[in-house]
Structures are given as structure tokens and as C-alpha cells.
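Okay, here's what each chain looks like letter by letter:
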Amino acid sequence: MTTEQQAVPVARPEPQRGGPGPSAVRSPGARIGPAVGLLRTARPRQWVKNVLVAAAPAAAGQLASPRTAGQLVIVFTLFTAAAAAVYLVNDARDAEADRAHPVKRLRPVAAGDVPVPLAYAAGGLLAALAVAGAAALCNPMTSALLVAYLAMQLAYCVWLKHVLVVDMTVVTTGFLMRAMIGGVALGIPLSRWFLITTGFGALFMVAAKRYSEAVQMEGAEGGRGASRALLGEYTTGYLRFVWQLAAGVAVLGYCLWALESGGVAHSALLPWRQLSVIAFILAVLRYAVFADRGAAGAPEDVVLRDRALAVIGLVWAAMYGLAVADL
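Residues numbered from 1 in each chain as written. Predicted model: local features only at pLDDT ≥ 70, side-chain atom pairs only at ≥ 80, totals over all residues. Heavy atoms only, no water.

J.: Which residues make up the overall build of the chain, and what are the values?
T.: Broken down by element type, the chain carries 14 helices and zero strands. Within the chain, the proportion of its 327 residues that are buried is 46%. Once local pairs closer than 6 in sequence are excluded, the contacts in the chain between residues at least 24 apart make up 74%. With an accessible surface of roughly 15600 Å², the chain has 69% of that area assigned to carbon and sulfur atoms. (Helix = DSSP H or I, 4+ residues; strand = E, 2+ residues; numbered from the N terminus. Buried < 20%, exposed > 50% of the residue type's maximum accessible area, 1.4 Å probe, protein only. Contact = heavy atoms within 4.5 Å. Areas by Shrake-Rupley, 256 points an atom, 1.4 Å probe, with all protein chains shown as cover.)

The following block contains the structure:
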């Protein structure tokens, strides 16, 4: 299983409310073409995570430049290709094991819609194109970062996902690399507070995701439906401790950044940078509600579907934008 696609819904005999995903709707006997199968294996739903490539330029207040926008589109595309390559190689490698899983057996490679050699070939091609494209269209550091990402993700698929704590570290680092690569491609210095807040914010979400999966596993008869064997080695108490600790460090890092220049507004009407701490903490507290319930197994669903969290996020973005603009 890849680092980006960690949570798999617990298998149930009846369809879930609210509309299941494409793989759940499809019956075992239905067949799709290799092209559609490759696209599904690339996990288009997960591409929204790659918007994080804009994090560093946004933090530096450099999103308004047309050159920056064009470069970010390129970086987003390259990182999406690299992530898709990992999904393809992972599904090809785990095809046999996935066929024995009640949900994963419907994945295109496991179902036989995409031949294993084709998945490996497509994954290798995408990885090579992503690295070459970064070297040609960005800079050597961007290419090196993508190589490191690919190597780390493939090592995770083969070995690191079986090592306690290291597995969560690798997942977290994958998110951090997304946030870093936009700044690396544009030559924007990455501050220590940006790295601390982003890194521990990612760990908060990763640990909350694992905690939710562990809660679901405990509720499943005999532990069936667990998304990874290693999950049974963690206790829910330990995972709760990790996401609470990570949330605290992320908030502390953000507060230290916001207060670094003092609490007095200069040319701006109000100290927007300091005031944005309120929205940031509220966002963490709101997300923690889902984590505490064991309902944060799919972070993208929490972020995109919870209206209150979306409103808080917009308020934070507005405050941060005003701070950057010094209005």
C-alpha cells in the first residue's frame, strides 16, 4: 500500500450510504479497458493533495506573479505524475495480495483489467518523465527532490511500511516534500517555522488517519477489514498520543512564527498575522473532532466535505492574505 492511499473503507456486505466510490459500485464481473484502468490506478481523487506544492510560494506571498503560477502548474503536474507512478508500481506489486481482499480486489490491476507488466511499465515511464521534466523545466534541486520522493515511496512499498513509527514518518515526509517542492522550484527560501508547522501538521493528519483506522479495526469482527498488517501493532492510545502531540507542536510552531515580529501592526490596519493564529487553532480543533471520533480515515473527505472547516479555512486564508499584503 502506498503512502498516499492509506485508508481503505472497512468491507461491509451492504453498500455505504452517501454513494460509494467507483470501485465499490463496480461488480466483480464487470471489465474496463486498460486505459481507464491505468487512470483509476493513478488515483485521480488523490491529486488534490498535490495542491500543497503552492504552500511555500503562498507563505512567501508570491502567488500573484504569472511566472509563479505557470511554474506551479508544471510542478503540480510533475508531482502528480510521480505519485501516480508509485500507485501503479504498488498495485502491480501487491496484485496477488489484493485479490484476497474484499475491497482491494476490485482495483484494476488486481481485477485483471490492467496487466501487471503494463502497470510496471506505465509506472516506470511516469517516474522517468517526472524526473526528466523537473530537470528540464525547473532546476536540478527539484529533480533531486522528486528522485528522493520516488525512492522513499518505493522503499515504503517494499519494506518501510512494516517498520513501526518509521511508516508514519515516511507518510509525513511525503506531505512535507509536496509543501517544499514549490519553494525549491521557484528558489524561495523555506523558513524553519514553515517546515515545523507543515511537518507536524502533516503528522497530525497521518496519525489521526491511523487512529481512525485502528478504531475501525477494533470495531470489525476479528479485526477483519484492517487496511495494513502493521496497524495491529499500534494501540489506539499510542496513536491518540501521537496526533495530540503533533497537533500541539504544529500550533506552537505557527504561534512562534506569527509572533516572531511582535504583536504590533506596522502599516497594516490590524495585526493580521497574529490574529490568524485564532483561525489556525480553530481549524486544528475542528479537525480534531473527527480524529477523536475515529472518522478521519480519509483526510481529503474531512477537509473537502466539512462546511465549518471550510469556512474556518477561508477565514484563515483571508487573514493570512491580508498579513502578506500588509493591509
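Structure's up, so let's keep going.
J.: Account for the packing of helix α12 (residues 272–293) against helix α14 (residues 307–325), with residues named and values stated.
T.: The geometry of α12 relative to α14 is characterised by a closest axis approach of 9 Å and an angle of 160° between their N-to-C directions. As summarised for this structure, α12 and α14 are arranged roughly antiparallel, according to the angle between their axes. As α12 runs across α14, the sense of the crossing is left-handed. Of the residues in α14, those in contact with W272, R273, L275, S276, A279, F280, L282, A283, R286 and Y287 of α12 are A308, L309, I312, V315, W316, M319, L322 and A323. Across the contact of α12 with α14, the residue classes tally to 15 nonpolar, one polar and two charged. (Axes fitted to C-alpha atoms, helices over the stretch in contact; angles between N-to-C directions. Parallel < 35°, antiparallel > 145°, perpendicular 65-115°, else oblique. Left-handed = near helix turned anticlockwise from the far one by under 90°. Nonpolar A, V, L, I, M, F, W, Y, C, P; charged D, E, K, R; others polar.)

J.: How would you sum up the pattern of salt bridges? Please name residues and give values.
T.: In the structure shown here, the tally under the stated rule is eleven salt bridges. Residues participating in the shared-partner salt-bridge network are R43, D91, D98 and R107. (Salt bridge = Lys/Arg side-chain N within 4 Å of Asp/Glu carboxyl O.)

J.: How would you summarise the packing of helix α4 (residues 66–93) against helix α9 (residues 166–186) if you had to cite specific residues and measurements?
T.: For the pair α4 and α9, the least separation of the axes is 10 Å and the interaxial angle reads 145°. Handedness of the α4/α9 crossing: right-handed. Listed contacts from α9 to R67, T68, Q71, L72, V75, F79 and A83 of α4 are G174, M177, R178, I181, G182, A185 and L186. Class assignment of the residues belonging to the contact of α4 with α9 gives a composition of eight nonpolar, four polar and two charged.

J.: Summarise the nonpolar core; cite the residues concerned and give the values.
T.: The biggest cluster of nonpolar side chains holds 64 residues, and the ones touching the most others in it are L146, Y149, F204 and W243. If near-sequence neighbours (up to four positions away) are discounted, L146 is found in contact with L78, F79, A82, A130, A134 and I181. Counting residues in hydrophobic clusters, the runner-up holds five residues, among them A92, A95, V114 and A119. (Core = buried A, V, L, I, M, F, W, Y, C linked by side-chain atoms within 4.5 Å.)

J.: How would you explain a nonpolar patch on the surface if you had to name every residue and give the values?
T.: On the surface, L164, V165, Y238, F241 and L245 cluster together into a nonpolar patch covering about 440 Å² of accessible area. As for its position among the elements, F241 is in helix α11 (residues 236–258). The class for F241 is partly exposed, based on a relative accessible area of 49%. (Patch = residues over 30% accessible without salt bridge, like charges linked within 9 Å, V, L, I, M, F, W, Y side chains within 5 Å.)

J.: Break down α12 for me, with residues and values.
T.: Look at α12: 32 Å from first C-alpha to last across 22 residues, which is about the 32 Å you get at 1.5 Å a residue. Regarding α12, the residues found buried are W272, Q274, S276, V277, A279, F280, V284, Y287, A288, F290 and A291. Just downstream of α12, G294 is the residue with a positive phi angle, here 75°. (Expected span 1.5 Å × (residues − 1).)

J.: Could you give me a rundown of the side chain of N50, with the residues and numbers involved?
T.: By the element assignment, N50 lies in the loop between α2 (34–41) and α3 (55–59). On the basis of relative accessibility, which here comes to 1%, the residue N50 falls in the buried class.

J.: Describe in detail unusual backbone geometry, supporting the description with residues and values.
T.: Even without a glycine there, the phi angle at R43 is positive, about 55°. Looking at where R43 falls in the secondary structure, it is placed in the loop between α2 and α3. In this model, V165 sits at a positive phi of 70°, which is unusual for a non-glycine residue. If you trace the backbone, V165 turns up in the loop between α8 (140–158) and α9. By relative accessible area, which is 40% here, V165 ends up partly exposed.

J.: Give a detailed account of the packing of aromatic side chains, specifying residues and quantitative values.
T.: In this structure the tally under the stated criterion is ten aromatic pairs. On the numbers, 5.9 Å between centres and 10° between planes, the contact of Y234 with Y238 is stacked. For Y234, a relative accessible area of 8% puts it in the buried group. Consider the rings of Y254 and W257, whose centres lie 5.3 Å apart with planes at 50°: the pair is tilted. Linking Y254 with W257, this pair stays in helix α11, spanning three residues, or about one helical turn. A residue is classified by how much of its surface remains accessible, and Y254, at 5% relative accessible area, is buried. Judged by relative accessible area, which is 16%, W257 ranks as buried. The ring of W257 carries R273 above its face, with NZ or CZ at 4.6 Å from the centroid. Looking at R293, its charged tip hangs above the ring of F290, at a distance of 6.0 Å from the centre. (Phe/Tyr/Trp six-rings, centres within 6.5 Å; stacked < 30°, edge-to-face > 60°. Lys NZ or Arg CZ within 6 Å of the ring centre and 35° of its normal.)

Take it as geometry only, folks, not as evidence of what the structure does.
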